[in-house]
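# Observations on the model geometry
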Amino acid sequence: MAAVAVNPAALAVAAENRQPQREMVPNLDSQRRQIENGESGRERPLRAGESWFLVEQHWYKQWEVYVQGGDQDSSTFPGCINNAELFEDQINWRLKKRLVEGKDYVLLPAAAWHYLVSWYGLEHGQPPIERKVVDLPSFHKVEVYPIELLLVQHSDMDTPHTAQFSRIDSLGLVLHTARERFQVDPKEDTRLWSRNSEGALYRLCDIHATVRDAGLETGQLVIMETRNKDGTWPSTKLHAINNNVSEKYEDFKGQPGICGLTNLGNTCFMNSALQCLSNVPQLTEYFLTNRYLEELNFRNPLGMRGEIAEAYADLVKQAWSGHHRSIVPHVFKTKVGHFASQFLGYQQHDAQELLSFLLDGLHEDLNRVKKKEYVELCDAAGRPDLEVAQEAWQNHKRRNDSVIVDTFHGLFKSTLVCPDCGNVSVTFDPFCYLSVPLPVSHKRVLEVFFIPMDPRRKPEQHRLVVPKKGKISDLCVALSKHTGISPERMMVADVFSHRFYKLYQLEEALSTILDRDDIFVYEVSGRIEAIEGSREDIVVPVYLRERTPARDYNNSYYGLMLFGHPLLVSVPRDRFSWEGLYNILMYRLSRYVTKPNSDDEDDGDEKEEEEEDKDNMPGPSTRASLRDPEPEQAGPSSGVTSRCPFLLDNCLGTSQWPPRRRRKQLFTLQTVNSNGTSDRTNSPEEVHAQPYIAIDWEPEMKKRYYDEAEAEGYVKHECVGYVLKKAPVRLQECIELFTTVETLEKENPWYCPSCKKHQLATKKLDLWMLPEVLIIHLKRFSYTKFSREKLDTLVQFPIRDLDFSEFVIKPQNEAAPELYKYDLIAVSNHYGGMRDGHYTTFACNKDSGQWHYFDDNSVSPVNENQIESKAAYVLFYQRQDVARRLQSQPGSSGPPTSSACSSPPDAELMDVN
């Protein structure tokens, strides 16, 4: 896919008639089926190499509302396809960064896209956003952001031309595009080179290889050289490019290690993990002194042919050379994606997951054990812990011996107890990092609006503390404590776009309510359902609508637009008539609807009013009974009963609205469907499936009698000022929780050798031996059957003297307390939520002892008091005896005053909290 330059005139679909001819367009139900289902629909699977198109999310949602409404004359008509919100500008038509499927856009296959364009048109001048499906190792994916290469000729390096390519496009297509762009004679020979961020040149030999296989990235320079007339290639002169790049960095001399990493597109997670690891002193010294060259293991079947270790070594050497303000880690990114397909592409990933992969990859690439022997794991079988632990560590070292093991590996004691026979199993297992849980709150805060029945009272905003795994009834009980209204007199609804998206039942789980939902709780005195023989009031869902000119050819048709907040109105059965309903609604709206005075009521001619009454009638008389109701089509409000309470006892069957008398009516009433957009009263059967009423306003009447500002007004209950304070927890509490006895889950039972069956045993982990550098991963991301969330609890962790002596159960050497005390050297931070976020790093420079804040390219000094925050995600601690040992080594360049990192008082600091 080579879109070398954007030509809006050529790419945009001509749309002289912005609204397609109605007779040429299928009915709405057919449209929905063609777009959503079948071979042409968006639900079908992706196929490698085919084209899909991006459509702006809001337009598509509006189209869904339109077709689901079932009324082709509806005011919800979406108009032409408009993707303007997806572009950075309307000149180059470049996509905005970090667009998210399902939030910013939807994907449609080519057939569905062409259908929509033919029915609705495309906004004038906008190009279609066509993207290819790429075949990744484990799945297919639409490539939203193609590669943008800078094409240049060897003879003109200062005039690059940007060209977009899919990752599955061949290098032959890149060459063909370059030849066309630079108008190379077909008889002349050409070939391609690529240049990395450091200026090194690589031949792109295989033109059948893909852009992805060649490791090309956005912004990379691709040079096309043309054979000289004497048959030689100009590439002998291209080394000058390298020299120029080197000279550029010769003038810069900075502090080694104070070097940013360029974000290649959602790669902040990788940058954060790399900065943390780069600031582990003994590991960095290991690479800077080239000790890794002697230990590269190219034949380890569990390793990566030494490529990950070499790529990481190159990165460390660049970062600690002192000649770079920042570097572009695209070679490392390519290597990681090559060996770990989960990190291919440019999606958000977890820094701790990358860190786990990197530590394992470095270990296997640098494993000193060239041939791993088989080692049988042995249970303690009653032997002393000291003996079993020593045996387990020796067995681990027989297969795993590397700088990673030396630096990061420790030993657990794992104790399993069978609940039936009491059999105890003790094993000792190595670990590379601790993943410690955070204390989880069982409460959540929901903000709701309470709508009282008393029209003189404004709606009230409440902030409620409810159980996470509770029910809707728990929400009503919590609200009852604030309002004094009985929970039985409350009805909970999700209001979206001026309509009821859902009416909740009391037994439904609170987990179905999302934090972003607009929840309204109505005080009522009855039920939605009309039950024969019951004397309870009936609750009527009511929408507000205003007549507006619709987009018609002669503007003769008037549409109806929803506005304001819908109501749930309790109506006594003895007042169930159009006249009674009108009076009740006038009372309920009295706070913001002005009642006409006597002069207003007498204007108009009686005959004219009678004619007007006929026009404004809601429809023919409805004489049907409640027997054999036809269910309403399932829509957004499918939680509402399909029965129509207005047909009960034929209360409204012989009434017409407005009544024929000399009285000015502010609005008319109309039965509608759950969307509030389609009036269907042509037959008793259609009325039977619509338990909603709409209040329809003429624009002049609404302007005169309806106070919009007052209608939107609400008051904040004093509880809104309350905040569910999340008390900070100490890191030691998380470690205590990690070592607490727990029962195994059903999905992961233990096979008891005594019972000869799988059991849900109790398990306890204890720390036996700690490593030189202890990595502590705070499990902020919580995944349950009901929800996914990020815990933003503040974890208080010490910068110095983190003491593990109370957690290590191995007999301790009282003469060496520093073996259990640690100092912080790096922190990986995560800001944001589950779907999106940003990673940064705090790290202490091993040479200067100064703390710095690494945010991709940017690096700034910080104070120690800025390090602790709710964003802390992965902590790196170094054992104090190791720090002293490193300082005492010949040639050590450690901090001059203290083994722990410190901050100079006069440093220019930034506030990151």
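In the block above lies the structure referred to throughout.
Residues numbered from 1 in each chain as written. Predicted model: local features only at pLDDT ≥ 70, side-chain atom pairs only at ≥ 80, totals over all residues. Heavy atoms only, no water.

### As for the sheet that holds strand 6 (residues 156-165)
Selection criterion: Note on pairing: DSSP must find at least two bridges between two strands before they are called paired. Each helix corresponds to a stretch of at least 4 residues labelled H or I by DSSP, and each strand to a stretch of at least 2 residues labelled E; elements are numbered beginning at the N terminus. Every axis corresponds to a line fitted to the C-alpha atoms, with the helix fit spanning only the stretch in contact, and the corresponding angles, defined between N-to-C directions, vary from 0 to 180 degrees. Only heavy atoms enter the contact rule, under which two residues are in contact if any of them lie within 4.5 Å.
Across the sheet, which stays open at both edges, the 5 strands sit in the order 6-5-9-7-8 with mixed pairing between neighbours. Here the strands that pair on one side only, and so sit at the sheet edges, are strand 6 and strand 8 (201-203). For this sheet, the mean angle separating the axes of adjacent strands, direction not counted, is 35°. Where strand 5 (residues 147-153) and strand 6 come together, 6 bridges link them in antiparallel fashion. Within the sheet, the bridge partner assigned to isoleucine 147 lies in strand 6 and is phenylalanine 165. Along the sheet, helix 5 (residues 171-181) makes contact with strand 5, strand 6, strand 7 (190-195) and strand 9 (221-226), crossing strand 7 at roughly 105°.

### Digging into the packing of aromatic side chains
Test applied: Each Phe, Tyr or Trp ring, with Trp reduced to its six-membered ring, pairs with another whose centre is within 6.5 Å; inter-plane angles below 30 degrees give stacked pairs, above 60 give edge-to-face pairs, and intermediate values give tilted ones. Buried means the residue's accessible area, taken with a 1.4 Å probe over protein chains only, is under 20% of the maximum for its type, while exposed means over 50%, and partly exposed covers the values in between. A positively charged side chain is recorded as over a ring if its NZ (Lys) or CZ (Arg) lies within 6 Å of the ring centre. The angle to the ring normal must also be within 35 degrees.
Using the criterion set out here, one finds 32 aromatic pairs in the structure. Seen in terms of ring centroids, phenylalanine 412 and phenylalanine 738 are 5.6 Å apart; in terms of plane orientation they differ by 40°. Their pairing is tilted. You can see phenylalanine 412 sitting in strand 12 (residues 410-417) and its partner phenylalanine 738 sitting in helix 21 (residues 731-738), a full 326 residues away along the chain. Of the two residues examined, phenylalanine 412 and phenylalanine 738, each falls in the buried class. Ring pairs connect the aromatic residues Phe449, Phe500, Phe520, Tyr522, Tyr543, Tyr692 and Tyr714, which therefore count as one cluster. Above the ring of phenylalanine 563, the side-chain terminus of lysine 702 is found at 4.6 Å from the ring centroid.

### A look at the pattern of salt bridges
If charged atoms from side chains of opposite charge come close, those side chains can pair. For the record, the criterion: When a carboxyl oxygen of Asp or Glu is within 4 Å of a side-chain nitrogen of Lys or Arg, the pair counts as a salt bridge.
For the structure shown, the criterion picks out 40 salt bridges. In this structure, arginine 32 and aspartate 29 form a salt bridge, with 2.7 Å as the shortest nitrogen-oxygen distance. Separated by 3 residues within a single helix, arginine 32 and aspartate 29 lie in helix 2 (residues 28-36), roughly one turn from each other. Among the residues examined, arginine 32 registers a relative accessible area of 29% and is labelled partly exposed. In this structure, glutamate 507 engages lysine 471 in a salt bridge whose closest nitrogen and oxygen atoms are separated by 3.0 Å. One end of the pair, glutamate 507, is in the loop between strand 18 (499-503) and strand 19 (519-523); the other, lysine 471, is in the loop between strand 16 (460-467) and helix 14 (472-483), and 36 residues separate them in sequence. With relative accessibility at 57%, the residue glutamate 507 sits in the exposed group. Within this structure, Glu295, Arg368, Lys397, Asp401 and Asp406 form a network of salt bridges that share partners.

### Digging into the environment of leucine 293
Residue placement: leucine 293 occurs in the loop between helix 8 (281-288) and helix 9 (307-319). Note: C-alpha distance between leucine 293 and alanine 309 (16 residues apart in sequence) is 9.4 Å.

### Thoughts on the pairing of strand 2 (residues 105-109)
A large share of strand 2 lies buried, amounting to 5 of its 5 residues. By the alternation rule, side chains of strand 2 split into Tyr105, Leu107 and Pro109 and Val106 and Leu108, which are all buried. With 5 bridges connecting them, strand 1 (residues 51-56) and strand 2 associate as antiparallel partners. Paired with leucine 54 across the strands is leucine 107, a residue of strand 2.

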